[in-house]
Amino acid sequence: MEKLSGADMLIRALQDEGVDHVFGYPGGAVLHIYDAVFRQNRIQHVLVRHEQAATHMADGYARSTGRPGVVLVTSGPGATNAITGIATAYMDSIPMVVISGQVQSHLIGTDSFQETDMVGVSRPIVKHSYLVRTASEIPETIKKAFYIATSGRPGPVVVDIPKDVTDPTNLFDYSYPETVTMRSYSPATRGHTGQIKKAIKSLAKCERPMIYAGGGVVQGDASSQLIELTRLLGFPITNTLMGLGAFPGTDKQFLGMLGMHGTFEANNAMHHSDLVFAIGARFDDRITNTVSKFCPYAEIIHLDIDPTSISKTVNADVPIVGPVDTVLDEMISLLEPEVAKRSEKQQQMLKEWWEQIEGWRKQDCLAVIRDESEDIIKPQEAVQAVYKATGGKAYVTSDVGQHQMFAAQYYPFDEPRKWINSGGLGTMGFGLPAAMGVQVAFPDEQVVCITGEGSIQMNIQELSTCSQYGLPIKIINVNNQSLGMVKQWQDMQYEGRHSHSYMDSLPDFVKLVESYGHVGFKIESRDDLEPVLVEAMAIKNKLVFVDIMVDPSEHVYPMLIAPNGSLRDMWLSKGVRT
Amino acid sequence: MRRIISVLMENEPGALSRVIGLFAQRNYNIETLTVAPTEDSTLSRLTLSTLAGDEQVEQITKQLNKLIEVVKLVDLTEGEHIERELMLIKLKATGAQRAEVKRTSDIFRGQVVDVTQSTYTIQLTGTTEKLDAFLRAFPESSVMEVVRSGVSGLSRGEKVLTP
Ligand SMILES: Cc1ncc(C[n+]2csc(CCOP(=O)(O)OP(=O)(O)O)c2C)c(N)n1
Ligand SMILES: [Mg+2]
């Protein structure tokens, strides 16, 4: 058997796992590992400028490819800097393996230099974690880490490795296990037949159905099944913020996003439905509004890989635990005969339901309200122009705030894994590094980061990484000179007292990006919007930063009314409510 | 309602902190907790009692099951079960009190495990209610120290919790 040091074993295990990229930053506790990285060329290491960005890059890589993202950081501050990115991945169920260096075993617990209890600190935000005790444990631990991160409901796994465990002078037998079995971990591989049959019955007899699909469909690679099922049934469908792209955004059956900033038609259809089929979604508080008023007439079928998501906030009448793709496959074959024998009456009811929905659609809740005589750019128009300039085909990452919601509303996604944002944790600073991860995975694809002047500054140092690796991302800075989303809430709930939601002392972004060797444009007039964006998108081999000055007073609508509102209670524009 | 959840988990460092962390993080309460390896040294058996309604206990058991190191668990209070708790209680016992303490201990089938001129230490096992009742049998001023193990339990009959 081959003899390797702990450090070499780790890198070999990653290679044997099929890892092609690692995002990281070196330091004392991982020097042996970095030396092993240096002495090989199968894995490309991407050197970031801040460990948080490494985790978001790995996250963007994972969301766009479906393969786990891998991070390598040192102990102490390296590890704690990675925490926000791990929490972000955890909240959105993203497969990720984070390898953190730890101080030498004999120093653990002595408050030694750069010591942090990483397993302890990360415990509530990981799917699982390991502290490696001896080098011989490395191959199996890595195998388990990847297995856990990618199977069932995916999530981040931390592997904390003390420096002495990677000592280059101690050699051990190396072989990488082909499989792992764990008696304490066996995610569901198929749904319960009885429950599936119950669901079929309900789906066959309902009159005002809604399909509500979330990020689980994207992460579970079940988009084609979702499309087939929805077409077969002819039901209306809505996607959560995390599910956008799971069903084609430009399709007639698609009612848009639901929830806090969901469309008038999607939220109303949910509220009035008699059956909600939730697929890979988790009834998050940004979806339900007041839980007791959520979908008062609906029977609820809930399909999810994670049993803890079911009946957590909203009780499921028909719970189905299982992988979304296999369960939907099974359901499609059972539904085909049911749909074929639909009665006239049922068809009539469904037709009437669609008529009601078309009525809500006429509200045209996303129409941009503007004064044509003013030359001010509305942020919604900026997103629409980006859609046009990219033909709707780009990978789009976003940060957090109004621009994120505008991107979700005005850039319809026709494919899964193209829309990448931090939905669960809402992490400002996610957008740029996530876009970098996508671009690393797909060097020839158009990758756009829609951000705000607040969010972009949270990881702006990564412009340097972009120069180093030649990542030709297109950054669209929807610049409203304010922490727009915060300001919106202050307008609506604090009588317009803008406490610290104003972004003063902004840099000259064009000059800033130029100093890193990138290209910068500033757009201040409506007439420039489309031509400059087209020009920017056409620059294939360079990062382009487009700073678009937009109306700072704009709000995101529709917006659910809280507290005590239901899904049909919405603000439709300033001062106009349902 | 009081629930007794019995958990079989990998006997690995960190496993216990995950269980406890889960309760803290999700705002569940822990009344008592006891844990020790089983006859199979790779497994630990953890018993905890908690106050939770039906919906919450469903979430608690699901969340516990989701922890990678948890092999299996059972809510003992769902079926017929046996539960025991051990208590050591140190009592002031001088003069006429000595006989009184001894008599009460006998009634509860307690065992005197340590004696000094001024104290009795009594060991008592039983259900939580029995232990509570025993404690209430003495005036607060005579109770010097109490230590309780927390509840352990098993299902009645053939039913067992194995991996
Ligand atoms: C790390 C972090 N800190 C604070 C917040 C709270 N927050 C949500 S949106 C927002 C404003 C974002 O401003 P900007 O990036 O300019 O976007 P805009 O809303 O103006 O489009 C803030 C501060 C957050 N989501 N993440
Ligand atoms: Mg802003």
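Everything discussed here concerns the structure shown above.
Residues numbered from 1 in each chain as written. Chains lettered and ligands numbered in written order. Predicted model: local features only at pLDDT ≥ 70, side-chain atom pairs only at ≥ 80, totals over all residues. Heavy atoms only, no water.

> In this structure, what is going on with a nonpolar patch on the surface? I would like to understand it.
A grouping of B:L86, B:L88, B:V113 and B:V147 is seen on the molecular surface, where their side chains present a nonpolar patch of about 280 Å² in accessible area. Accessibility expressed as a relative area gives 31% for B:L88, which makes it partly exposed. (Patch = residues over 30% accessible without salt bridge, like charges linked within 9 Å, V, L, I, M, F, W, Y side chains within 5 Å. Areas by Shrake-Rupley, 256 points an atom, 1.4 Å probe, with all protein chains shown as cover. Salt bridge = Lys/Arg side-chain N within 4 Å of Asp/Glu carboxyl O. Buried < 20%, exposed > 50% of the residue type's maximum accessible area, 1.4 Å probe, protein only.)

> Looking at this model, I keep getting lost on the packing of aromatic side chains. Mind explaining?
Here the distance between the centres and the angle between the planes together describe a pair of aromatic rings. In total, this model carries 15 aromatic pairs over all chains according to the counting rule given. Look at B:F108 and B:F134: their rings are 5.0 Å apart centre to centre, the planes differ by 65 degrees, and that puts the pair in the edge-to-face class. Within this pair, whereas B:F108 is found in the loop between α3 (96–107) and β6 (111–115), its partner B:F134 is found in helix α4 (residues 128–136), the two being separated by 26 residues in sequence. Judged by relative accessible area, B:F108 falls into the buried class, the value being 18%. Judged by its relative accessible area of 0%, B:F134 is buried. By way of ring pairs, the aromatic residues A:Y387, A:Y411, A:F413 and A:W419 are connected into one cluster. A cation over an aromatic ring shows up here: A:K418 above the ring of A:Y395, its NZ or CZ 4.9 Å from the ring centre. Residue placement shows B:R98 over the ring face of B:Y120; its charged tip is 4.9 Å from the ring centre. (Phe/Tyr/Trp six-rings, centres within 6.5 Å; stacked < 30°, edge-to-face > 60°. Helix = DSSP H or I, 4+ residues; strand = E, 2+ residues; numbered from the N terminus. Lys NZ or Arg CZ within 6 Å of the ring centre and 35° of its normal.)

> What is the right way to read the sheet that holds strand β6 (residues 128–131) of chain A from this model?
Backbone hydrogen bonds are what pair the strands of a sheet, in a parallel or an antiparallel way. Residues and elements named next belong to chain A. Read across the sheet, six strands follow the order β3-β2-β4-β5-β7-β6 without closing on themselves; strand pairing throughout is parallel. Strands with a single pairing partner mark the edges of an open sheet, and in this sheet they are β3 (44–47) and β6. Ignoring strand direction, the axes of neighbouring strands in this sheet form an average angle of 20 degrees. Where strand β2 (residues 21–24) and strand β4 (residues 69–73) come together, two bridges link them in parallel fashion. Bridge pairing in β4 links G24 to L72. Of the strands in this sheet, β2, β3 and β4 are in contact with helix α2 (residues 31–38), which crosses β4 at around 125 degrees. (Pairing = 2+ DSSP bridges. Axes fitted to C-alpha atoms, helices over the stretch in contact; angles between N-to-C directions. Contact = heavy atoms within 4.5 Å.)

> Looking at this structure, how should I read the coordination of the magnesium ion (ligand 2)?
Geometry sets the ideal angles at a metal, namely 109.5 degrees for four tetrahedral donors and 90 or 180 degrees for six octahedral donors. All names here are of chain A. Taken together, E453 (OE), E453 (OE), N480 (OD1) and S482 (O) make up the full set of protein donors to the magnesium ion (ligand 2), lying 2.1 to 2.6 Å away. Coordination at the magnesium ion (ligand 2) is irregular: its six donor atoms span angles of 51 to 177 degrees at the metal. Donor residues for the magnesium ion (ligand 2), ordered by position in the chain, follow E-x26-N-x1-S. On the basis of relative accessibility, which here comes to 5%, the residue S482 falls in the buried class. (Donors = N, O, S within 2.8 Å, 3.2 Å for Na, K, Ca; no water. Tetrahedral: all angles 85-135°; square planar, octahedral: opposite > 155°, others 65-115°.)

> Got a minute to help me understand the site of ligand 1 in this structure?
Residue and element names in this part refer to chain A. Near ligand 1, the surroundings consist of 17 residues, among which Q402, S455, N480, S482 and G484 are the closest. Between ligand 1 and G426 there is a distance of 2.9 Å, counted from a nitrogen atom to a backbone nitrogen or oxygen. The separation between an oxygen atom of ligand 1 and a polar side-chain atom of N480 is 2.8 Å. For ligand 1, whose accessible area on its own is 590 Å², the fraction buried by protein is 77%. Contributing elements (two or more residues each) for the shell around ligand 1: α16 (402–410) and α19 (484–493). The element that contributes the greatest number of residues to the shell around ligand 1 is α19, accounting for three residues. (Near = heavy atom within 4 Å. Polar contact = N/O pair within 3.5 Å; in protein donor to acceptor, adjacent residues only side chain to side chain.)

> Would you take a moment to explain unusual backbone geometry for this structure?
Where the residue is not glycine, phi is negative for most of them; where a peptide bond is considered, it is trans in most cases. All names here are of chain A. Y557 connects to P558 through a cis peptide bond whose omega is -10 degrees. With respect to the helices, strands and loops of the structure, P558 is situated in the loop between β20 (544–549) and β21 (559–560). The step from A562 to P563 runs through a cis peptide bond, and the omega angle for that step is -5 degrees. Secondary-structure assignment places P563 in the loop between β21 and β22 (570–573). For D111, which is not a glycine, the phi torsion comes out positive at approximately 55 degrees. Along the polypeptide, D111 turns up in the loop between β5 (96–102) and α6 (118–122). Judged by its relative accessible area of 74%, D111 falls in the exposed class.

> Where do I start with the interface of chain A and chain B in this structure?
It is common to give the size of an interface as the accessible area that goes away when the parts come together. Of the residues lining the interface, 19 residues belong to chain A; the matching set on chain B comes to 21 residues. Between chain A and chain B, the buried area comes to about 1600 Å², and carbon and sulfur atoms account for 48% of it. Our enumeration of links across chain A and chain B arrives at two salt bridges. Residues A:R183 and B:E10 are paired through a salt bridge, measuring 2.8 Å at the closest nitrogen-oxygen approach. At the junction of chain A with chain B, the criterion picks out 10 residue pairs in polar contact (both at pLDDT 80 or more). Here the side of chain A that touches chain B is built from residues that sort into seven nonpolar, five polar and seven charged. (Buried area = accessible area lost by both parts, 1.4 Å probe. Nonpolar A, V, L, I, M, F, W, Y, C, P; charged D, E, K, R; others polar.)

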